[in-house]
Amino acid sequence: FCLMGVSRKVAAFHLPPLPTVGEIIKLFRLKAQKQLSQNFLLDLRLTDKIVRQAGELKNARVCEVGPGPGGITRSILSAGVEELLLIEKDARFIPGLQMLSEAAPGKVRIVHGDILTYKMEKAFPKHLKKNWEDEPPDIHIIGNLPFSVSTPLIIKWLENVSKRDGPFIYGRTQMTLTFQKEVAERLTANPGGRQRSRLSIMSQHLCTVENCFIIPGQAFVPKPEVDVAVVHFTPLVQPKIEQPFALVEKVVQSVFQFRRKYCCRGIEILFPESERLKRTEQLMMTANVDPTLRPFQLSMSHFRNLCNAYRKMCDEDPNLFVYNYREELRQKKRERNSLKRTGQPSETEEEDQL
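Residues numbered from 1 in each chain as written. Predicted model: local features only at pLDDT ≥ 70, side-chain atom pairs only at ≥ 80, totals over all residues. Heavy atoms only, no water.

In the nomenclature of an unreviewed UniProt entry, the protein chain corresponds to rRNA adenine N(6)-methyltransferase from the organism Nycticryphes semicollaris. Of the comments in the UniProt record for the protein chain, the one headed Subcellular location (unreviewed entry) reads "Mitochondrion". (UniProt positions renumbered as here; feature names shortened; annotations may be inferred.)

Here's what the structure looks like:
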C-alpha cells in the first residue's frame, strides 16, 4: 500500500488480520506428507529470522520455493517486497496461498508446479538483469526445502550458476535455503573437515556459502529427526575452478567415490583400465597433487589443478571425457555372463583355476 504524504515515503507493508498458519492448516485440513518430507514451520519469529538472512528485500522480487501453508510467505510480504512468486507443487496448499494473495493485492503470483522443471529465466522482467560483475540483482530465492529435493535442487542451481542461466540469467541472484544440518555442514566444510565432500567443492567453487543459523527440529510440525540449518548463497564473480560444470563434477565425484582411500584411487576411475595406472600417474604429476592425500584433505587449489590437468588430457583425447567407469564394469559383467551361458571360462575363472 502506498500512502502519499508530505515526505513522499512509502509506508511499511502490513498484512491485514489473517488466520494464523496453524489455523490455516486446520481450516484446509493440511497434513504434512512423510513421503514428500514435508515439515511446517509455524513460528513467525523464526520465519522472520530466515527472511532477514536474505538481506534487504524492500522493493525486491522474491521467488519462494515450496511455501506450503505460508509461514515464510507472510514474513517475505512483511519485508515490503515488490513482487513475490510462489512455486508450490502440492495442490492442497494453493487455497491457503490464494488467501494470502488476496490480502496483498498485486504482489503475489502463484504457480502450481515443480521447481525442478519450472523455467526461472522467464520468471521476472528483463529490465532487472545486471551484468555478472555488478552487485547482485534485486531478485532473491528463499525456501524451506523438503529434504528429498534439497540436494538435487542445489546441484541443479549450481549448474545454472556455472552456465549463468535459469535464475542466474538476471545476474548473481542470491539464495537463502534450508537444509538438513548435516547437508549444510557439507556445503560449508573446510579442507580436512569430517564433512568435506562433493557438495563442499561444487558449492564453494561457485558461491560464497554461509551457514547462518540452526533451527531445532522441534520447531517444525511434524518434528523431523534432525535439526535444520539456514544457508545463504551468493554466486562468485569468478569461479575458483574455471572449467565446465560437467567436467568439475566428474573429477570431484570420482575423487570422493573412495572417500577413505588415497585420492589417487578415485582419480584412477577417470581412465579406462588398459591405461589406468599410467594416466593416473601423469595426471597427479601434472596437477602437482600428493597421491597419498585423502579426498577430504584436498584444497580448492588441488581440485583446480586436477580439473585443469584433466581438461588438458581430454582436449588431447576427446574420447576420454565420455569414458564411464561404471559402464565399463557393466560391460565386463555382461561379457562374463555371456561366457557362462556358452560354457566358456572367463578370464577371472581361468585365473582362479591357475
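A. Region of the structure containing helix H3 (residues 71-78). For H3, the buried fraction is high: 7 of the 8 residues fall into the buried class. Residues of H3 that are buried include every one of Gly-71, Ile-72, Thr-73, Arg-74, Ser-75, Ile-76 and Leu-77, and no others. Backbone geometry just downstream of H3 places Gly-80 in the positive-phi region, at approximately 85°. (Buried < 20%, exposed > 50% of the residue type's maximum accessible area, 1.4 Å probe, protein only. Helix = DSSP H or I, 4+ residues; strand = E, 2+ residues; numbered from the N terminus.)

B. Quick peek at the sheet that holds strand S5 (residues 139-143). Read from one edge to the other, the open sheet built from 7 strands follows the order S4-S3-S2-S5-S6-S9-S7, with strand pairing classed as mixed. Of all strands in the sheet, those bounded by a partner on one side alone are strand S4 (108-112) and strand S7 (207-215). Sheet twist, expressed as the mean angle between neighbouring strand axes with direction ignored, is 20°. Judged from the 6 bridges that link them, strand S6 (residues 174-180) and strand S9 (residues 228-235) form a sheet pairing that is antiparallel. (Pairing = 2+ DSSP bridges. Axes fitted to C-alpha atoms, helices over the stretch in contact; angles between N-to-C directions.)

C. The side chain of Lys-250, seen in detail. In this fold, Lys-250 is placed in helix H8 (residues 245-256). For Lys-250, which is buried and forms no salt bridge, the nearest opposite charge comes from Asp-317, at a distance of 10 Å. (Lys, Arg positive; Asp, Glu negative; His and termini not counted. Salt bridge = Lys/Arg side-chain N within 4 Å of Asp/Glu carboxyl O.)

D. Region of interest: the packing of aromatic side chains. All told, the structure shown has 4 aromatic pairs when counted by the stated rule. Each ring, one from Phe-179 and one from Phe-233, has its centre 6.1 Å from the other, and the planes form 65°; the classification is edge-to-face. With Phe-179 in strand S6 and Phe-233 in strand S9, the pair connects residues that are 54 residues apart, well separated along the chain. Judged on exposure class, the residue Phe-179 and its partner Phe-233 are both buried. A cation over an aromatic ring shows up here: Lys-49 above the ring of Phe-213, its NZ or CZ 4.3 Å from the ring centre. Sitting over the face of the ring of Phe-93, Arg-92 holds its NZ or CZ atom 5.2 Å from the ring centroid. (Phe/Tyr/Trp six-rings, centres within 6.5 Å; stacked < 30°, edge-to-face > 60°. Lys NZ or Arg CZ within 6 Å of the ring centre and 35° of its normal.)

E. Structural context of the nonpolar core. Core analysis: the largest hydrophobic core is formed by 65 residues, its most contacted members being Trp-157, Leu-177, Phe-179, Phe-233, Phe-303, Leu-306 and Tyr-310. Here this core takes 8 residues from helix H11 (residues 300-316), the largest share from any one element. Here Tyr-310 is in contact with Leu-247, Lys-250, Val-251, Leu-270, Phe-271, Leu-283, Leu-320 and Phe-321, once residues within four sequence places are set aside. With 27 residues, the next largest nonpolar core counts Leu-41, Val-62, Ile-142 and Cys-212 among its residues. (Core = buried A, V, L, I, M, F, W, Y, C linked by side-chain atoms within 4.5 Å. Contact = heavy atoms within 4.5 Å.)

F. Broad picture of the packing of helix H10 (residues 276-287) against H11. At a minimum axis distance of 8 Å, the contact between H10 and H11 shows a crossing angle of 125°. By the criterion of interaxial angle, the relationship of H10 to H11 is oblique. The hand of the H10/H11 crossing is right-handed. Here H10 contributes Arg-279, Gln-282, Leu-283, Met-284, Thr-286 and Ala-287 to the contact with H11, which in turn contributes Asn-305, Leu-306, Ala-309, Tyr-310 and Met-313. Class assignment for the residues of the contact of H10 with H11 results in 7 nonpolar, 3 polar and 1 charged. (Parallel < 35°, antiparallel > 145°, perpendicular 65-115°, else oblique. Left-handed = near helix turned anticlockwise from the far one by under 90°. Nonpolar A, V, L, I, M, F, W, Y, C, P; charged D, E, K, R; others polar.)

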